[in-house]
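Overview (structure and organization)
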Amino acid sequence: MFKNLEVNVQGRVAELWLNRPQKLNALSPALLQELIDAADWLNAQAEVRVVIIGGRGTTFSAGADLSAFPAVGETTARDVADLGRAMADALENMNTLSIARIDGWCVGGGLVLAAACDLRIASSSAMFSIPEVDLGIPLAWGGIPRLVREIGPALTKELVITCRPFDAEEALGAGFLNRVVERGELDQVVTELAEACASKPRIPVAATKRHVNAVTAQMVGVGNAWSDADGLIAATTDKECAAAREAYIAERRKQ
């Protein structure tokens, strides 16, 4: 059913795996569209109450696969630039509860994906980074309001503007993660949490999710992220942004 995803359903719990390990689960337009389609498909599975979202291989997600996006000026450029926002909205608005299982690197757009989940558990070796500004582009896909919602405005500004990496313990202290566990315990802890949540009555669990999301939507305005794609398009045509992007890529190639 999917080329870039692996979907498993076992009773009330489903697993949704980003399955591009050779590309560090980078989020290509095709993968973003499959995530949207998978969210719709899972909504139609009446028995599913919890969805675990993880990444195959050693990385949760290396973020947007910039090499797979169309060039500015192509007719589909803005539509494709908006796919990340549509993906995050689709995951956040699923009927089910979602749990991000984070191991390895969680970068940029991958961090937005995790922020769109209801709960997040990471291994102690997980690392986080938001390199968009160094790449000469703004953090898009509704990432800013979601980060403000989870960790507050001041830390959002610092992490997004400085692009500095941060570890799981800092992410936990900031309120982004529900729990940090040893890597060998990650699957067991995530599964136990999923089964505990799935065992609860459906209606009050769904009502709690909708109520919390409604309250925070009024606080941070996730719905305003429809314009994020325009910021991405503008950044790709700016000379200073292009120079920053080239410098960033050149530095990474040396490493």
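Thresholds applied
- Residues numbered from 1 in each chain as written.
- Predicted model: local features only at pLDDT ≥ 70, side-chain atom pairs only at ≥ 80, totals over all residues.
- Heavy atoms only, no water.
- Core = buried A, V, L, I, M, F, W, Y, C linked by side-chain atoms within 4.5 Å.
- Buried < 20%, exposed > 50% of the residue type's maximum accessible area, 1.4 Å probe, protein only.
- Helix = DSSP H or I, 4+ residues; strand = E, 2+ residues; numbered from the N terminus.
- Contact = heavy atoms within 4.5 Å.
- Expected span 1.5 Å × (residues − 1).
- Arc of directions from axis to C-beta.
- Polar contact = N/O pair within 3.5 Å; in protein donor to acceptor, adjacent residues only side chain to side chain.
- Pairing = 2+ DSSP bridges.
- Salt bridge = Lys/Arg side-chain N within 4 Å of Asp/Glu carboxyl O.
- Axes fitted to C-alpha atoms, helices over the stretch in contact; angles between N-to-C directions.
- Parallel < 35°, antiparallel > 145°, perpendicular 65-115°, else oblique.
- Left-handed = near helix turned anticlockwise from the far one by under 90°.
- Right-handed = clockwise from strand over helix to strand, strands pointing away.

The next point concerns the nonpolar core. Counting residues in each nonpolar core, the largest one holds 60 residues, and the members touching the most others are Ile 102, Leu 113, Phe 128 and Phe 176. Looking at this core, the element that brings in the most residues is helix H1 (residues 29–43), giving 7 residues. Sequence-distant contacts of Leu 113, that is, excluding residues within four places in its chain, are made with Leu 18, Leu 27, Leu 35, Ile 53, Phe 60, Met 87 and Leu 91. In terms of nonpolar packing, the next biggest core, distinct from the first, is built from 15 residues, Ile 52, Leu 119, Val 181 and Ala 194 among them.

Taking 1.5 Å of rise per residue, the 16 residues of helix H11 (residues 239–254) would be expected to cover 22 Å, and the 23 Å separating its terminal C-alpha atoms lies within 8% of that figure. All of the buried residues in H11 are Cys 241, Arg 245 and Tyr 248. The arc that holds every buried residue of H11, seen down its axis, measures 65°, which confines them to one face. Exposed side chains of H11 directed beyond 90 degrees from the buried face belong to Lys 239, Glu 240, Glu 246, Arg 253 and Lys 254. Buried residues along H11 sit in contact with helix H10 (228–236). Taking the backbone nitrogen of Glu 240 as reference, a side-chain oxygen 3.1 Å away marks Asp 238 as the first, capping residue of H11.

Summarising burial for strand E2 (residues 13–18): 5 of the 6 residues are buried, a large majority. Sheet topology note: the strand E1 (residues 5–10)/E2 ladder contains 6 bridges and is antiparallel. The partner of Gln 10 across the bridge, within E2, is Val 13. Linking E1 to E2, which pair antiparallel, is a turn of 2 residues; within it Gly 11 sits at a positive phi near 65°.

With that out of the way, let us pick up the sheet that holds strand E7 (residues 127–129). What the 3 strands build is an open sheet, ordered E5-E7-E8; its pairing is mixed. A strand with exactly one partner marks an edge of an open sheet, and here the two such strands are strand E5 (105–107) and strand E8 (166–167). Where E7 meets E8, 2 bridges bridge the pair, whose relative direction is antiparallel. Looking at the pairing, Met 127 lines up with Asp 167 of E8.

The tally for this structure, following the rule as stated, stands at 15 salt bridges. Of the charged contacts in the structure, one is a salt bridge between Arg 20 and Asp 65, with a shortest N-O distance of 3.2 Å. Pair noted here: Arg 20 is in the loop between E2 and H1 and Asp 65 is in the loop between strand E3 (50–55) and helix H2 (77–81), with a separation of 45 residues, a long-range link. Assigned by exposure class, Arg 20 and Asp 65 land together as buried.

Strand order in this open sheet of 6 strands is E1-E2-E3-E4-E6-E9, and the pairing throughout is mixed. Every interior strand has two partners, whereas the edge strands, E1 and strand E9 (179–181), have only one. If you compare each strand with its neighbour and ignore which way they point, the axes differ by 20° on average. As judged from the 6 bridges shared by E2 and E3, these two strands associate in the parallel manner. Bridged to Leu 18 within E3 is Gly 55.

Attention shifts here to the packing of H1 against helix H3 (residues 83–92). Remark: H1 packs on H3, axes separated minimally by 9 Å, with the N-to-C direction vectors making an angle of 25°. Relative to H3, the element H1 lies roughly parallel. With respect to the hand of their crossing, H1 and H3 are arranged in left-handed fashion. Together, Pro 29, Leu 32, Gln 33, Leu 35, Ile 36 and Ala 39 of H1 and Leu 83, Gly 84, Ala 86, Met 87, Ala 90 and Leu 91 of H3 make up the contact between the two elements.

Below, the discussion takes up the pairing of E3. Across the 6 residues of E3, 6 count as buried, placing the element largely inside the fold. Residues Val 50, Ile 52 and Gly 54 line one face of E3 and the alternating positions Val 51, Ile 53 and Gly 55 line the opposite face, and both faces are buried. You can see the chain leave E2, run along H1 and come back into E3, and the turn it takes is right-handed. Relative to strand E4 (residues 97–102), E3 runs parallel, the two being bridged by 4 bridges. Residue pairing in the sheet places Ile 53 in a bridge with Ala 100 of E4.

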